[in-house]
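Geometric and topological summary
The residues making up each chain are set out below.
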Amino acid sequence: QVELVESGGGLVQTGGSLRLSCAGSGFTFSAYDMNWYRQAPGKERELVAIITYTGDSTNYADSVKGRFTISRDNAKKMVSLQMNSLKPEDTAVYYCNAFRVSGGRQYDHWGQGTQVTVSP
């Protein structure tokens, strides 16, 4: 059974830091690109950060560049998102996503989300 479990969300003041973690199981973690998305109330889900399956390449939304860092440990089947200099507009539910295209098929797995709230 495929499972992605996020942790590390919470309430933090503006300028603070949080580290989100996501543990994967039930699939070949090292074969998947891993992504963090977020969804704020009343807004569409947006892609925040990407890391390739090897961990060699990352990319970020402009709104978080220089503040967030995505990393992964394939041996532990975990991906993390270090969030620094947090702003109230970072408040959202953050989702871990595993994505892979293989043999013409798309494989897409999601966690249940973790709430991040940044107070002014």
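The sections below set out a description of the structure shown in this document. (Residues numbered from 1 in each chain as written. Predicted model: local features only at pLDDT ≥ 70, side-chain atom pairs only at ≥ 80, totals over all residues. Heavy atoms only, no water.)

**Focus on the pattern of salt bridges**
- Enumeration according to the criterion identifies four salt bridges in this entry.
- For Lys65, the salt bridge goes to Asp62, with nearest N and O atoms at 3.2 Å.
- Assessed through its relative accessible area of 66%, Asp62 is described here as exposed.
- Salt bridges sharing common partners tie together Arg38, Glu46, Arg67 and Asp90. (Salt bridge = Lys/Arg side-chain N within 4 Å of Asp/Glu carboxyl O. Buried < 20%, exposed > 50% of the residue type's maximum accessible area, 1.4 Å probe, protein only.)

**Considerations on the sheet that holds strand 3 (residues 18-25)**
- The sheet built from four strands is open, its strands ordered 1-3-8-7 with antiparallel pairing. Of all strands in the sheet, those bounded by a partner on one side alone are strand 1 (3-7) and strand 7 (68-73). Taking the axes of each pair of neighbouring strands and ignoring which way they run, one obtains an average angle of 15° across the sheet.
- Here strand 1 runs beside strand 3; their pairing, made up of five bridges, is antiparallel. Residue Leu4 lies in a different strand from strand 3, and its bridge partner there is Gly24. (Pairing = 2+ DSSP bridges. Helix = DSSP H or I, 4+ residues; strand = E, 2+ residues; numbered from the N terminus. Axes fitted to C-alpha atoms, helices over the stretch in contact; angles between N-to-C directions.)

**Section: the state of the cysteines**
- Using the criterion set out here, one finds one disulfide in the structure.
- Paired through a disulfide, Cys22 and Cys96 show a sulfur-sulfur distance of 2.1 Å. The disulfide joining Cys22 to Cys96 has a torsion of about -80° about its S-S bond and is therefore left-handed. Taken as a pair, Cys22 in strand 3 and Cys96 in strand 9 (residues 92-102) lie far apart in primary sequence, 74 residues in all. Grouping residues by exposure puts Cys22 and Cys96 together as buried. (Disulfide = S-S within 2.5 Å.)

**So, the pairing of strand 3**
- Two elements, strand 3 and strand 8 (residues 78-83), share six bridges in a ladder whose sense is antiparallel. Pairing of Arg19 across the sheet is with Gln82, part of strand 8.

**Re the nonpolar core**
- Counting residues in each nonpolar core, the largest one holds 29 residues, and the members touching the most others are Met34, Trp36, Val79, Leu81, Met83 and Tyr94.
- Taken together, the elements giving at least two residues each to this core come down to strand 3, strand 4 (33-39), strand 5 (46-51), strand 7, strand 8, strand 9 and strand 11 (114-119).
- A total of four residues in this core trace back to one element, the largest contributor, which is strand 9.
- Discounting chain neighbours no more than four positions away, the residues touching Leu81 are Leu18, Arg19, Leu20, Trp36, Val48, Ala49, Phe68, Thr69, Ile70 and Tyr94. (Core = buried A, V, L, I, M, F, W, Y, C linked by side-chain atoms within 4.5 Å. Contact = heavy atoms within 4.5 Å.)

**Focus: the packing of aromatic side chains**
- Overall, the coordinates contain three aromatic pairs when judged by the stated rule.
- Ring geometry for Phe27 versus Tyr32: centroids 4.9 Å apart, planes at 75°, classification edge-to-face.
- Judged by its relative accessible area of 10%, Phe27 falls in the buried class.
- Summarising the aromatic geometry, the rings of Tyr37 and Trp110 are spaced 4.9 Å apart at their centres and angled 55° between planes, so their arrangement reads as tilted. Taken together, the residues Tyr37 in strand 4 and Trp110 in strand 10 (residues 105-110) connect sequence positions 73 residues apart.
- These aromatic residues form a ring-pair network of at least three members: Phe27, Phe29 and Tyr32.
- Looking at Arg45, its charged tip hangs above the ring of Tyr95, at a distance of 3.9 Å from the centre.
- Sitting above the plane of the Trp110 ring, Arg45 keeps its charged end 4.6 Å from the centroid. (Phe/Tyr/Trp six-rings, centres within 6.5 Å; stacked < 30°, edge-to-face > 60°. Lys NZ or Arg CZ within 6 Å of the ring centre and 35° of its normal.)

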